[in-house]
Each structure stands twice: as structure tokens, then as C-alpha cells.
Amino acid sequence: MDLGINGKTALVTASSGGMGRNIAHALAAEGANIVLFARSADKLSAVAREIEQKYGVRTVGVPGDMCVGSDVERLAGVLEREFGGPDIVVVNTSRPPNPIRATLDEADEARWREAYQNQLWSAIQVLCRMIPLMQGRGWGRLIAITSASVKSPMPHHSLSTVFRAGVTAYMKHLANELGAKGITVNCVAPALIETPHRTGMAAYSEDQAAARRNLTPLGRMGTQEELAGVVTFLASMQAGFITGSTIAVEGGMVGSLL
Ligand SMILES: NC(=O)c1ccc[n+]([C@@H]2O[C@H](COP(=O)([O-])OP(=O)(O)OC[C@H]3O[C@@H](n4cnc5c(N)ncnc54)[C@H](OP(=O)(O)O)[C@@H]3O)[C@@H](O)[C@H]2O)c1
């Protein structure tokens, strides 16, 4: 199926590794030109090179921090100058503060402030600066990566749930205001997506990993490709009548009917 985004410009934030990088690959595979944004310049250059070589699309890496206004301003400048603005914006963010804790133990102001900055303010700041560049184009896609915890709060995840719920609410407001401009606004809410172990993060024991797999009727973790494929579909022409929605990618873990 031709998704109709060949030649469009897609910004993917938090894309020097992990999910952001994989989403950028999936969009590039459909012919979208890619702008990457994250703090590590060296990793960004490597991802930009691999995407350009593999798909032959134009790829630019802009080093910067989503929480820093002047960095986001610089990102907007690159998009405006070099592409005339973005058509597709995927707002991915960093993970919440580590280690995760039970809600009653989560009483440290610094961790709440960090989670607010990284999970909510960073997303709002990027969107506020990108939307003016998109409004005159008559077509657009805004997609935020949140978490399945907005549908079913998971133990030890309050620092994530509280601010992902904020992003979800913000995206719903945007969907209502931007529909008339041809811009759809949606969230993708993952859980249990297989993620390579990162230094400094607690690794799961085999028992814990098995318990996580068994949280879904499918009895397995999701793949990065399955997550990136859903994001890419939401960015497509065919997804034009989906807006204000949250699409869960969690293998059926959330038990609600809707
Ligand atoms: N895996 C799942 O099942 C699951 C479930 C729910 C939610 N999520 C969420 O999905 C998102 C992506 O997860 P992941 O596993 O891909 O994370 P990851 O591997 O830790 O990657 C995070 C990316 O964010 C970038 N980044 C961090 N802080 C940044 C900042 N201030 N400004 C710009 N870029 C920044 C990092 O690059 P630099 O260090 O170079 O900046 C990196 O590229 C996270 O928010 C995670 O919580 C995942």
C-alpha cells in the first residue's frame, strides 16, 4: 500500500536511538525526508547517515535538547529554512526518571520536576514551535508517543502516567483546533515493546521478563517494528479521518472494552 507520504518532511524528536530512531527509519522507508532531534550530535550523525544510505531520502540531524527553548527555536529554523516546515511531527520523549518507584515513595520534588520537563513540557514546547510552520500547508500529522499507562495506570509508573495524561489532553485540544487546517493529531500509547537494555537501567530477571510477557493475551513483547508501523500508518494519507485518538500498542494488556 502506498501511504502517500513520499517526499513529505517528517520531524522525529528523541531520535538518536531507541524508538525514535526506529520510527524515523519506518517513515524514511515510505519516502519521507527526515529531521532528527536529540542531544547527542555523534549518535544523530550516525543515524542520519544510516537512514540516507538505506532509503536515499534527505536526512538532517539537529543536535539539541527538547527542554531548552533556544534549541527548539534552532530546530524550527532548520526546518523552515531547509524544508519550508514539517508535514509530519512525531513527538517522542526521553524515558521518565529511573529507578521507577511505588507512588507513595515518589515524593522527591526533583524527580517530579524532571518528569514534568522531560515528559510534558518538552512535548508542548516542540509542538508550540512546529505548529505555526504547518498551519499554512493544508495538511499535517502530529503524533505523540505516550504510554498505555494513560489507559490503565501501571504500578510504579506515576511519574509517567501523570504527564502522559497531560500530553494526551493537550493533543485532544490541538485536534479540536487544528482539524480545520487539515492537520490530524493523535497519540500512540505503547507498553511492553522490546527495548535493548540500557546501561544504568535495571535489567529484568528472567522471571520478571516472563511475567511481563504474560501481561498480554499474546504472551510476548511487542517489536519496535510493530510500534513504528502504527506511527507510520497514523502519518499516512489513509489515516486522514483519525484525529483526537489514542492508539494503544500494548498486545491487549489493557483490559478495558474501548
Ligand atoms: N518500550 C515501551 O514499551 C514503552 C512504553 C511506554 C512508553 N515508552 C516511552 O517511549 C519513549 C521512547 O522510549 P525508548 O525506549 O526509545 O527510550 P530511549 O532508548 O531511552 O531513547 C530516548 C531518546 O530520547 C533522547 N532524549 C532524551 N532526552 C532528550 C531531550 N531532553 N531532548 C532531546 N532528546 C532527548 C535520547 O537521545 P540523547 O540522549 O541523544 O538526547 C534518545 O534518543 C520513552 O518516553 C518511553 O518512556 C516506551
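All values derive from a computational prediction rather than experimental measurement. (Residues numbered from 1 in each chain as written. Predicted model: local features only at pLDDT ≥ 70, side-chain atom pairs only at ≥ 80, totals over all residues. Heavy atoms only, no water.)

Asks: Would you take a moment to explain the overall build of the protein for this structure?
Replies: When helices and strands are counted, the protein shows seven helices and seven strands. For the protein, the N- to C-terminal ordering of α and β elements is β-α-β-α-β-α-β-α-β-α-β-α-α-β. Over its C-alpha atoms the protein spans a radius of gyration of 18 Å, differing by no more than 12% from the 18 Å that the globule rule assigns to 258 residues. The C-alpha extent of the protein, read off along each of the three principal axes, is 50 × 40 × 40 Å. At a minimum sequence separation of 6, the contacts of the protein that also span at least 24 residues come to 77%. In the form shown here, the protein has an accessible surface area of approximately 12000 Å², with 54% of it arising from carbon and sulfur atoms. In the protein, 24 side chains carry a positive charge and 23 a negative one; their mean positions are 2 Å apart. (Helix = DSSP H or I, 4+ residues; strand = E, 2+ residues; numbered from the N terminus. Rg over C-alpha atoms; globule rule 2.2 N^0.38 Å. Contact = heavy atoms within 4.5 Å. Areas by Shrake-Rupley, 256 points an atom, 1.4 Å probe, with all protein chains shown as cover. Lys, Arg positive; Asp, Glu negative; His and termini not counted. Charge placed at Lys NZ, Arg CZ, Asp CG, Glu CD.)

Asks: What's the story with the sheet that holds strand β3 (residues 59–63) in this structure? I'm lost.
Replies: Strand pairing in a sheet relies on backbone hydrogen bonds. The paired strands run either parallel or antiparallel. Taken in spatial order, the seven strands make up an open sheet running β3-β2-β1-β4-β5-β6-β7, and their pairing is parallel. Where the open sheet ends on each side, the last strands, each with one partner, are β3 and β7 (246–249). Put simply, the sheet's adjacent strands are angled 15° from each other on average, direction ignored. As paired strands, strand β1 (residues 9–13) and strand β4 (residues 88–91) are joined by three bridges and run parallel to one another. Within β4, the residue paired with Ala10 across the bridge is Ile88. Helix α7 (residues 224–234) contacts β4, β5 (140–145), β6 (183–190) and β7 of the sheet and is inclined by roughly 165° relative to β6. (Pairing = 2+ DSSP bridges. Axes fitted to C-alpha atoms, helices over the stretch in contact; angles between N-to-C directions.)

Asks: Honestly, the side chain of Thr232 in this entry has me stumped. Any pointers?
Replies: Structurally, the position occupied by Thr232 is in helix α7. By relative accessible area, Thr232 is classed as buried at 4%. Ignoring anything within four residues of it in the chain, the contact list for Thr232 reads Leu3, Ile5, Ala26, Leu27 and Glu30. (Buried < 20%, exposed > 50% of the residue type's maximum accessible area, 1.4 Å probe, protein only.)

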